[in-house]
Amino acid sequence: MVLEDAINNARKNLILKKNVALIDATGMYYRDLNSLLRSLDGNGIEKIEICNVYGQRYIGTDLDDHLSIDIYGTPGNDLGAFMKGVNITVHGNVQDGCGNTMDHGRIVVHGRAGDLVGHSMRGGKIFIRDDAGYRVGIHMKEYLGKRPAIVIGGTAQDFLGEYMAGGVLVVLGTNMKDGSCHDARFVGTGMHGGTMYIRGGVRHLGEEVEVKELNEADYRILGSLVDEFCSYYGLDAEKILESKFSKLVPVSSRPYGNLYAY
Amino acid sequence: MKSYVTPEYIVERDQDRCIRCKVCVNQCSYDTHYYDEEDDILHSRNENCVNCQRCATFCPTQAITIRENPNHYRSNANWTQEAITSIKKQAETGGVVLTGMGCDKPNLTYWDRLLLNASQVTNPSIDPLREAMELRTYIGSKPDKLELEMEEGNGVVLKTKLAPQLQLETPIMFSAMSYGSISLNVHKSLARAASEAGTFYNTGEGGLEKSLYKYGDHVIVQVASGRFGVHPDYLDAGAAIEIKIGQGAKPGIGGHLPGEKVSEEISRTRMIPLGTDALSPAPQHDIYSIEDLRQLIYALKEATDYTKPVFVKIAAVHNSAAIASGIVRAGADAVVLDGVRGGTGAAPRIIRDNVGIPIEMALAAVDQRLRDEGIRNQASVIAAGGIKSSADVLKAIALGADAVYIATAALVSLGCTVCQKCYTGKCPWGIATTDLWLTKRINPDIGAKRLAGLLRGWSLEIMEMMGGMGINAIESVRGNRLLLRGVGLTDKELEILGVRMVGE
């Protein structure tokens, strides 16, 4: 069969060392790469290292939750889409839709991210060392014990936290000058749940969001996320936490409740 | 502010027949009836009545009659009751006028102006009671060609790897209605009926309740812009996945399930916080082009290891044919078209009645376009929105559909009277509600039987009509527009439908 041939072909780029798999993804089609990953899943492999990744999509989708994957290069769109628990570390930048509708797991990016980080994610954590694009955390949500978190080390663009229904979204602005503002506009438009913590000023807020002072519980949540963030990138958490943060919360859990005539 | 809106209906009670049993009081969820103990008499608050006929149906002595309020404004072909009432309501609330179910305006249906053929003399008709009739339908992408090989001992063997297919025993499926817009008991009824009848029910965008996972082989799970309940196990549970781009009743807009309907069970199934509005944005935020659509189609295929067909549902709009071509090229296994008469649990009435095009035209245009481009085999076409009889099903298939989706018809079989008040969440028939006091009114055992009865009845009628045309397999009806003739249609309408005039 064609697909099996492709996997066998892909296997030529595979080296197995005990429970670690090394893959050279040079020239590999995303479908073949992901089939290869699925074929390794559940065979005693615990760690997969993929090098020379150039835009292959959907890495981490439909894999078991005990795996950890190290990616060298630039994974393509929808990294970890619908992911249910894999730990992914990206040594490079990620493209759009990283963590799309992710349920569980962790993505740590040593670089920048494109648009739509964590679209509709419901669980797990995403850490981006540098900047991220538009609509980070759009429609992320929480329920019962699941509370997703996204931490952006740099800044993020317009519609940050749009339609946000739950979870925690942190933007640290570590690469910004002291006292400067994030450029993002329409931050929290349509937000109806969850919390954003933003270090540095916010230039333009959506209508459905209000700014509050952080209380002790907020500092606990923020502190633990910043600690974890800094542990991945060798940064000083205390120094980051010294600065002033603003807390953004929705004005109402029912932003559009008065639109209708009955 | 004093409301100038007058009651739409008048409740009349024959006091000679009324036995003061108060069934009407208990059955009405709009608080229309009340009992006056002092005078031992039942009264009605006309302004609350929605004419759902629940009280009239359950009144043991048939004492209740509901009439349209004869106090009409002065007759006027332009300034109708509806137009005047809407303006008054909006002046008083400053809001968008909501409604439920499908468009109720005349002149937007073509089914009734299409007539089916029958055999006379030259090609004998078939009696389905004595001869085999094939309604089985496969939904999914079909290959461009089949490669066959002779193998020793095995005879002819199919070498082409087929894309995943859904096997339907009748070309009718239950269309998307979310848990939240309708009750769990209705979902149970639909799931059971689909399993029994060998067809499929669609979850809608509200997730799949845990107890229904066991019906997964007969479930189509939907992925909409809110991504409610979309979870790896949910995607694995279904037999197919449907990406919802649009809905016939409200093309181009999203939906709001109000927070008060997000109960603990709904919260769990949608996987969202308790009591907050469940907001479905108008677009899918990762789809702004056909290329993006392809990305989501393949994300879902990757998430389920290419084992399930992926449908894409759009509202029928002006450029449906070009859009459908893009959808097929994006890799969808089926295109779902939902026409302007498609139902809804809640939509702004102005959108429901003014946006979108009839399914008949969209279906004919899409089927023709996909044929012209030589890609019709790559995806199935499913027609939805305003199918109210088995004849409509057969006409849709003759116009080019592989199968149809029904939803309003399914709810009507459960008791719905199409009163169009689904958006209130107080459905007295226990259908479009999550109020546990009301949802008990649907017993899933009885509900499944009623739905299965409807499917059986329509299937028998389809076989009768096919037999009458001398056709014994639904495959031979599919896209066979010679079986149709139009009546009362313009040349242009006939041209788009690809149908000849009666008498031709």
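Here the structure is a predicted model, which means the values were calculated and not measured. (Residues numbered from 1 in each chain as written. Chains lettered and ligands numbered in written order. Predicted model: local features only at pLDDT ≥ 70, side-chain atom pairs only at ≥ 80, totals over all residues. Heavy atoms only, no water.)

Trainee: Just to check I follow, could you spell out the overall build of chain A for this structure?
Mentor: Check the secondary structure of chain A and you find four helices and 15 strands. With respect to the principal axes defined by its C-alpha atoms, chain A has extents near 55 × 50 × 30 Å. Looking at chain A residue by residue over its 262 residues, the buried ones come to 57%. Within chain A, contacts between residues at least 6 apart in sequence are counted, and of these 44% link residues at least 24 apart. Averaged over its 28 positive side-chain charges, chain A has a centre that lies 1 Å from the centre of its 33 negative ones. (Helix = DSSP H or I, 4+ residues; strand = E, 2+ residues; numbered from the N terminus. Buried < 20%, exposed > 50% of the residue type's maximum accessible area, 1.4 Å probe, protein only. Contact = heavy atoms within 4.5 Å. Lys, Arg positive; Asp, Glu negative; His and termini not counted. Charge placed at Lys NZ, Arg CZ, Asp CG, Glu CD.)

Trainee: Just checking my understanding: could you explain the packing of aromatic side chains for this structure?
Mentor: Working definition: an aromatic ring pair is given by the centre-to-centre distance plus the angle between the planes. All names here are of chain A. Inspection of the entire model under this criterion finds nine aromatic pairs over all chains. Centroid distance Tyr29 to Tyr30: 4.8 Å. Interplanar angle 50°. Geometry classified as tilted. Here Tyr29 falls in the partly exposed class, since its relative accessible area comes to 46%. Tyr30 gets classed as buried once you look at its relative accessible area, which sits at 13%. Summarising the aromatic geometry, the rings of Phe127 and Phe229 are spaced 6.4 Å apart at their centres and angled 40° between planes, so their arrangement reads as tilted. Taken together, the residues Phe127 in strand β7 (residues 125-128) and Phe229 in helix α3 (residues 216-233) connect sequence positions 102 residues apart. Residue class for Phe127 comes out buried when judged on its relative accessible area of 1%. (Phe/Tyr/Trp six-rings, centres within 6.5 Å; stacked < 30°, edge-to-face > 60°.)

Trainee: Got a minute to help me understand the sheet that holds strand β22 (residues 484-486) of chain B in this structure?
Mentor: To summarise the sheet geometry, strands pair through backbone hydrogen bonds and adopt either a parallel or an antiparallel arrangement. Residue and element names in this part refer to chain B. Strand order in the open sheet formed by three strands is β6-β22-β23, with mixed pairing between adjacent strands. With partners counted over all chains shown, the strands left at the sheet margins are β6 (114-116) and β23 (500-501), one partner each. Across two bridges, the pairing between β22 and β23 is parallel. Its bridge partner being in β23, Gly486 is matched across the sheet by Met501. Sheet strands touched by helix α11 (residues 390-399): β6 and β22. Its angle to β6, the strand with the most contacts, is close to 95°. (Pairing = 2+ DSSP bridges. Axes fitted to C-alpha atoms, helices over the stretch in contact; angles between N-to-C directions.)

Trainee: Please explain the packing of helix α7 (residues 290-303) of chain B against helix α8 (residues 320-329) of chain B as it appears in this structure.
Mentor: In helix packing, the relevant descriptors are the interaxial angle and the interaxial distance, both defined with respect to the helix axes. All names here are of chain B. Two elements in contact, α7 and α8, have axes whose closest approach is 9 Å; the angle formed by their N-to-C orientations is 40°. Accordingly, the angle class assigned to the pair α7 and α8 is oblique. The element α7 and its partner α8 pack so that their crossing is right-handed. Mapping the contact onto sequence places Ile290, Leu293, Arg294 and Ile297 in α7 and Ile323, Gly326, Ile327 and Arg329 in α8. Residues that form the contact of α7 with α8 fall into these classes: five nonpolar, one polar and two charged. (Parallel < 35°, antiparallel > 145°, perpendicular 65-115°, else oblique. Left-handed = near helix turned anticlockwise from the far one by under 90°. Nonpolar A, V, L, I, M, F, W, Y, C, P; charged D, E, K, R; others polar.)

Trainee: Quick question: what am I supposed to make of unusual backbone geometry here?
Mentor: One can expect most non-glycine residues to show negative phi and most peptide bonds to be in trans. All names here are of chain A. Located in the positive-phi region is Arg135, a residue other than glycine, with phi close to 55°. For Arg135, the position within the fold is in the loop between β7 and β8 (149-152). Positive phi, normally seen in glycine, also occurs at His139, with a value near 55°.

Trainee: What's the story with the side chain of Arg54(B) in this structure? I'm lost.
Mentor: Residues and elements named next belong to chain B. Turning to its location among the elements, Arg54 is positioned in helix α2 (residues 54-58). Of the polar contacts made by the side chain of Arg54, one reaches the side chain of Gln27; its length is 2.7 Å. In terms of polar contacts, Arg54 uses its side chain to reach the backbone carbonyl oxygen of Pro428, at 3.4 Å. Excluding residues within four positions of it along the chain, Arg54 makes contact with Gln27, Pro428, Trp429 and Arg441. (Polar contact = N/O pair within 3.5 Å; in protein donor to acceptor, adjacent residues only side chain to side chain.)

Trainee: Please explain the interface of chain B and chain A as it appears in this structure.
Mentor: In this assembly, 46 residues from chain B lie in contact with 41 residues from chain A. A combined buried area of about 3,900 Å² lies between chain B and chain A, and 57% of that area is made up of carbon and sulfur atoms. Looking at the side of chain B facing chain A, the largest losses of area belong to His285(B), Gln295(B) and Glu302(B), adding up to 17% of the total buried there. Across the contact surface, chain B and chain A share three salt bridges. When the shortest N-O distance is used, the salt bridge between Arg38(A) and Asp305(B) registers 3.0 Å. Connecting chain B to chain A are 21 residue pairs in polar contact (both at pLDDT 80 or more). For the side of chain B that touches chain A, the secondary structure elements donating two or more residues are α3 (81-93), β5 (96-99), α5 (232-237), α6 (264-270) and α7 of chain B. Tallying contributions element by element places α7(B) first for the side of chain B that touches chain A, with eight residues. Broken down by class, the residue content of the side of chain B that touches chain A amounts to 21 nonpolar, 14 polar and eleven charged. Two elements, strand β15 (residues 260-261) of chain A and β5(B), share two bridges in a ladder whose sense is parallel. (Buried area = accessible area lost by both parts, 1.4 Å probe. Salt bridge = Lys/Arg side-chain N within 4 Å of Asp/Glu carboxyl O.)

Trainee: What's the story with the domain arrangement of chain B in this structure? I'm lost.
Mentor: The accessible area lost on association of the parts is a frequent measure of interface size. All names here are of chain B. Under the domain assignment used here, chain B contains domain 1 (9-95) and domain 2 (175-454). Just the C-alpha atoms count here: the centres of domain 1 and domain 2 sit 32 Å apart. Between domain 1 and domain 2, the contact holds 13 residues from the first and 13 residues from the second. Both faces considered, domain 1 and domain 2 share a buried interface measuring about 1,100 Å² in area, 53% of it formed by carbon and sulfur atoms. Of all residues in domain 1, Ser29, Tyr30 and Arg54 give up the largest surface area on contact with domain 2, accounting jointly for 46% of the area buried on that side. Our enumeration of links across domain 1 and domain 2 arrives at one salt bridge. (Domains from an automatic or database assignment.)

Trainee: Hey, could you run me through the environment of Val97(B) in this one?
Mentor: Residue and element names in this part refer to chain B. Tracing the chain through its elements places Val97 in strand β5. By relative accessible area, Val97 is classed as buried at 9%. Residues Val97 and Ala347, spaced 250 residues apart in sequence, show a C-alpha to C-alpha distance of 8.4 Å.

Trainee: Honestly, α7(B) in this entry has me stumped. Any pointers?
Mentor: Spanning 14 residues, α7(B) covers 20 Å between terminal C-alpha atoms, matching the ideal 20 Å at 1.5 Å per step. Burial within α7(B) is extensive, with ten of its 14 residues counted as buried. Buried residues of α7(B): Leu293(B), Gln295(B), Leu296(B), Ile297(B), Tyr298(B), Ala299(B), Leu300(B), Lys301(B), Glu302(B) and Ala303(B), and no others. Elements in contact with the buried residues of α7(B): α2 (30-40) of chain A together with β13 (219-223), α5, β14 (240-244), β17 (310-315) and α8 of chain B. (Expected span 1.5 Å × (residues − 1).)

Trainee: Explanation requested: the state of the cysteines in the structure shown.
Mentor: Overall, the coordinates contain zero disulfides over all chains when judged by the stated rule. Free of any disulfide, Cys427(B) has its nearest cysteine sulfur in Cys419(B), 6.7 Å distant. (Disulfide = S-S within 2.5 Å.)

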